[in-house]
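Results of the structural survey
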Amino acid sequence: MIKALKDYFVEWWIVIARPILFYTKLKEESWKEKSLTFFLYSAWLLALLATLAIFIIQYLPIGSTLVAGISGWKFLIIVPVLITLAGVFFIITFLIVSGVAVILFGAAFIAVAFILHYIYLAIGGRGQLNRMIQGSFYSSAVILFLSLLAVFAVLTRYNLLELSLFKVGFNIVYVFVAVYVYGLWAVAGRKVYGVAKWQAFAVALAPVILMLIFGFIFDKIGITKLESWIAPLK
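Residues numbered from 1 in each chain as written. Predicted model: local features only at pLDDT ≥ 70, side-chain atom pairs only at ≥ 80, totals over all residues. Heavy atoms only, no water.

**Side note on the confidence of the model for the protein chain**
The predicted model of the protein chain has a mean per-residue pLDDT of 88, with 95% of residues at 70 or higher. The element-level mean pLDDT for the protein chain is lowest in helix α8 (residues 197-229), coming to 85, with helix α5 (residues 129-138) highest at 95. (pLDDT = per-residue confidence, 0-100. Helix = DSSP H or I, 4+ residues; strand = E, 2+ residues; numbered from the N terminus.)

**Observations concerning the nonpolar core**
Counting 52 residues, the largest nonpolar core has W12, Y23, V142 and W185 as its most contacted members. Taken together, the elements giving at least two residues each to this core come down to α1 (2-17), α2 (19-25), α3 (34-66), α4 (72-122), α5, α7 (163-193) and α8. The dominant element in this core, judged by the number of residues it contributes, is α7, at 14 residues. Each residue touching W12, except ones within four places of it in the same chain, is listed here: F38, A141, L144 and F145. With seven residues, the next largest nonpolar core counts A53, A150, V154 and I230 among its residues. (Core = buried A, V, L, I, M, F, W, Y, C linked by side-chain atoms within 4.5 Å. Buried < 20%, exposed > 50% of the residue type's maximum accessible area, 1.4 Å probe, protein only. Contact = heavy atoms within 4.5 Å.)

**Examining the packing of helix α6 (residues 147-157) against α7**
For any two helices packed against each other, the geometry is given by the interaxial angle and the distance between the axes. The N-to-C vectors of α6 and α7 enclose an angle of 180 degrees; their axes lie 10 Å apart at closest approach. Taken as axis vectors, α6 and α7 run roughly antiparallel relative to one another. Between α6, through L148, L149, F152, A153 and T156, and α7, the contact on the second element is made entirely by L163, F166, G169, F170 and V173. Along the lines of polarity and charge, the residues of the contact of α6 with α7 split into eight nonpolar, two polar and no charged. (Axes fitted to C-alpha atoms, helices over the stretch in contact; angles between N-to-C directions. Parallel < 35°, antiparallel > 145°, perpendicular 65-115°, else oblique. Nonpolar A, V, L, I, M, F, W, Y, C, P; charged D, E, K, R; others polar.)

**Here's the deal with the packing of aromatic side chains**
Under the definition given, this model contains 21 aromatic pairs. Residues F39 and F109 carry aromatic rings whose centres are separated by 6.1 Å and whose planes lie at 70 degrees to one another, so their mutual orientation is edge-to-face. Taken as a pair, F39 in helix α3 and F109 in helix α4 lie far apart in primary sequence, 70 residues in all. For F39, a relative accessible area of 2% corresponds to the buried category. On the basis of relative accessibility, which here comes to 5%, the residue F109 falls in the buried class. Connected via pairs of aromatic rings, a cluster forms that spans Y8, F9, F22, Y23, F38, Y41, W44 and Y138. (Phe/Tyr/Trp six-rings, centres within 6.5 Å; stacked < 30°, edge-to-face > 60°.)

Below you can see the structure in the form of structure tokens.
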């Protein structure tokens, strides 16, 4: 497991730091093999960090109220029970969050691959959908940057960051991810379909625009509900 994680992060760093080299050397294989595994690691790691944030934001305050007033040997007696309950809730939450992350992000990256594939074909590019899905799954490396939002949420919950700054941080991270993944999709498209550089970047704008529209809508609707969930403790 440790070796698998080490290999993942080595590959992750190459995707993030040297995307042109990565996609140039990327060998074609079924998207259900290494690229899918890479995506699953990205989704699971993000889910793990999100679960940890949920645990700190929601479960710890609830747990502290349950043991309020209990001390000494009585507290020592219930410690094993508390650890067991905490572990169970953590695992259940992780399974739920990871399942949602895999389904939503998986569907999104496959949809992006389909969109780019047919647009590239329409402008005269030549390439296979399998390779575009493969490249799209490797672009999932960027979703780990979303873990910063979990950090911001925890800091906000414990009065170390203002709610207004959380919203600013959310928008900065989201735009950064959108811009970065835009570059990855453009590079992947150019290598897969052999189109000109300007065509690759022009086509990659299509899913990025959809992504930014979603972000704008979420900023107007979802952020308010999220802020009420991470409101600072009194």
